[in-house]
Amino acid sequence: MITYKKYEPSERIIKECFWDYKISVADIKEYTSSNDWNLKKFIFEKIFCNSQSLIIDLMIFDKDDLEKLIRKYTIPQFNHDYLEKRHKIIRHVILNEKVRIKELEWRL
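Residues numbered from 1 in each chain as written. Predicted model: local features only at pLDDT ≥ 70, side-chain atom pairs only at ≥ 80, totals over all residues. Heavy atoms only, no water.

### Quick look at the overall build of the protein chain
At step 1: Within the protein chain one finds 6 helices and 0 strands.
At step 2: Helices (α) and strands (β) of the protein chain occur, in sequence order from the N terminus, as α-α-α-α-α-α.
At step 3: Here the protein chain has a C-alpha radius of gyration of 14 Å; the compact-globule value for 108 residues is 13 Å, and the two agree.
At step 4: With respect to the three principal axes, the spread of C-alpha positions in the protein chain is 50 × 30 × 20 Å.
At step 5: Within the protein chain, buried positions represent 32% of all 108 residues.
At step 6: Sequence separation of at least 24 residues holds for 59% of the intrachain contacts in the protein chain that already meet a minimum separation of 6.
At step 7: Element-wise, carbon and sulfur atoms account for 51% of the exposed surface of the protein chain, whose accessible area totals about 7400 Å².
At step 8: With 21 positive and 18 negative side-chain charges, the protein chain shows a spacing of 5 Å between the two charge centroids. (Helix = DSSP H or I, 4+ residues; strand = E, 2+ residues; numbered from the N terminus. Rg over C-alpha atoms; globule rule 2.2 N^0.38 Å. Buried < 20%, exposed > 50% of the residue type's maximum accessible area, 1.4 Å probe, protein only. Contact = heavy atoms within 4.5 Å. Areas by Shrake-Rupley, 256 points an atom, 1.4 Å probe, with all protein chains shown as cover. Lys, Arg positive; Asp, Glu negative; His and termini not counted. Charge placed at Lys NZ, Arg CZ, Asp CG, Glu CD.)

See below:
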């Protein structure tokens, strides 16, 4: 398990995750701290699916919100195998859950 550290949203997140939206770093910061769960979920899903620095980028959320978002995330049918593996990795790294990822197991 890694130690949680709060990060600020960056322009890199915009380029990697929100290239198809007109959204600013200030918007992302506002949405992640709002009380609107749908906005948080939207930001989480875009980062989860597209970020190249997934763990750091997800830490723009408050710790409790992040844990809830990870637990409630439903893997879509589109790109299912890739996103399922990604979800298992963040559940292991952030939530310290035991998960089985066949491709990452040691073999003798």
